[in-house]
Amino acid sequence: MSRLQQNLIRLRAHAAREDGNVESALVIIPLLVLFLTGAQVIAATNLRNADLAMAQGDAAARAISQEFKPDDEIIEIGGRVQKIRVLVTHRSHTVPQLLPGLIELMGGSPVTDVVGVAVVEPR
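Please read these numbers as outputs of a predicted model, since none were measured by experiment. (Residues numbered from 1 in each chain as written. Predicted model: local features only at pLDDT ≥ 70, side-chain atom pairs only at ≥ 80, totals over all residues. Heavy atoms only, no water.)

Draft legend 1. Focus on the overall build of the protein. When helices and strands are counted, the protein shows 3 helices and 3 strands. Helices (α) and strands (β) of the protein occur, in sequence order from the N terminus, as α-α-β-β-α-β. In summary, the protein has a C-alpha radius of gyration of 29 Å against a globular reference of 14 Å for 123 residues, an excess of more than 25%. Principal axes of the C-alpha set define a box for the protein whose edges measure 105 × 30 × 20 Å. Of the contacts made within the protein by residues no fewer than 6 positions apart, 62% connect residues no fewer than 24 positions apart. As displayed, the protein has an accessible area near 9,500 Å², and 63% of this comes from carbon and sulfur atoms. A gap of 7 Å separates the mean positions of the 12 positive and 13 negative side-chain charges of the protein. (Helix = DSSP H or I, 4+ residues; strand = E, 2+ residues; numbered from the N terminus. Rg over C-alpha atoms; globule rule 2.2 N^0.38 Å. Contact = heavy atoms within 4.5 Å. Areas by Shrake-Rupley, 256 points an atom, 1.4 Å probe, with all protein chains shown as cover. Lys, Arg positive; Asp, Glu negative; His and termini not counted. Charge placed at Lys NZ, Arg CZ, Asp CG, Glu CD.)

Encoded structure:
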């Protein structure tokens, strides 16, 4: 046999061995689940914070311009002399699911729902 054939036989024998594959799978699967869970929490938190900033900005802009949408709430607070009107806006966004079933397993829904509040400026 030639040296090339001997090396080829050794390479095939080495590739056919499966030592360590089960152990690697037992380590990498929980690590992958842990990583995806962490990424899911980070994504949900960042989306909620961005939605909160957008809802607050929308509420402030609408309160200044007094151009309200049909789903906005206007609450009047105050006494006899002057009433203060407060605008409440709602914003919701669907959270992407990186690990399917994780949010349902924790008993939640994959939606962020935030509120923006601003005082309506008198004209």
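Draft legend 2. Spotlight on the pairing of strand 1 (residues 73–78). Examined bridge by bridge, strand 1 and strand 2 (residues 83–94) share 6 bridges and lie antiparallel to one another. Residue pairing in the sheet places Ile77 in a bridge with Ile84 of strand 2. (Pairing = 2+ DSSP bridges.)

Draft legend 3. Expanded view of the layout of surface pockets. If you add up the space inside the largest pocket, you get close to 200 Å³. Lining the largest pocket are Gln40, Val41, Ala44, Val95, Leu102, Ile103, Met106, Gly108, Ser109, Pro110, Val111 and Thr112. Put simply, the parts of the chain that give the lining of the largest pocket at least two residues each are helix 2 (21–65), helix 3 (102–105) and strand 3 (111–119). Ranked by residues supplied to the lining of the largest pocket, first place goes to helix 2 with 3 residues. Here the lining of the largest pocket is composed, by residue class, of 8 nonpolar, 4 polar and no charged. (1 Å grid on protein atoms, 1.4 Å probe; cavity = no way out; pocket = protein on both sides within 12 Å on 5 of 7 lines; lining within 4 Å. Points joined across faces, edges and corners; volume = space filled by probe spheres on them. Nonpolar A, V, L, I, M, F, W, Y, C, P; charged D, E, K, R; others polar.)

Draft legend 4. Seen up close, the pattern of salt bridges. Per the stated rule, a full pass over the model turns up 5 salt bridges. Arg62 is the salt-bridge partner of Asp58, the closest N and O atoms lying 4.0 Å from each other. Here Asp58 and its partner Arg62 are both found in helix 2, 4 residues apart, which amounts to about one turn of the helix. Note that Lys83 is salt-bridged to Glu76, the shortest N-O span being 3.9 Å. Comparing Lys83 with Glu76, the two get one shared label, exposed. (Salt bridge = Lys/Arg side-chain N within 4 Å of Asp/Glu carboxyl O. Buried < 20%, exposed > 50% of the residue type's maximum accessible area, 1.4 Å probe, protein only.)

Draft legend 5. The arrangement of the sheet that holds strand 1 in detail. The strand order 1-2-3 describes an open sheet built from 3 strands, whose pairing is antiparallel. Two strands close off the open sheet at either side, each with one partner strand: strand 1 and strand 3. On average, each strand axis in the sheet is tilted by 25° relative to the strand beside it, whichever way the strands run. Two elements, strand 2 and strand 3, share 9 bridges in a ladder whose sense is antiparallel. Its bridge partner lying in strand 3, Val86 is registered against Val119. (Axes fitted to C-alpha atoms, helices over the stretch in contact; angles between N-to-C directions.)

Draft legend 6. Main features of the environment of Gln66. In this fold, Gln66 is placed in the loop between helix 2 and strand 1. Expressed as a C-alpha distance, the spacing of Gln66 and Leu52, which sit 14 residues apart in the sequence, is 20 Å. Once residues lying within four places of it in the same chain are set aside, the contact partners of Gln66 are Arg85, Val120, Glu121, Pro122 and Arg123. In terms of polar contacts, Gln66 uses its side chain to reach the backbone carbonyl oxygen of Glu121, at 2.4 Å. (Polar contact = N/O pair within 3.5 Å; in protein donor to acceptor, adjacent residues only side chain to side chain.)

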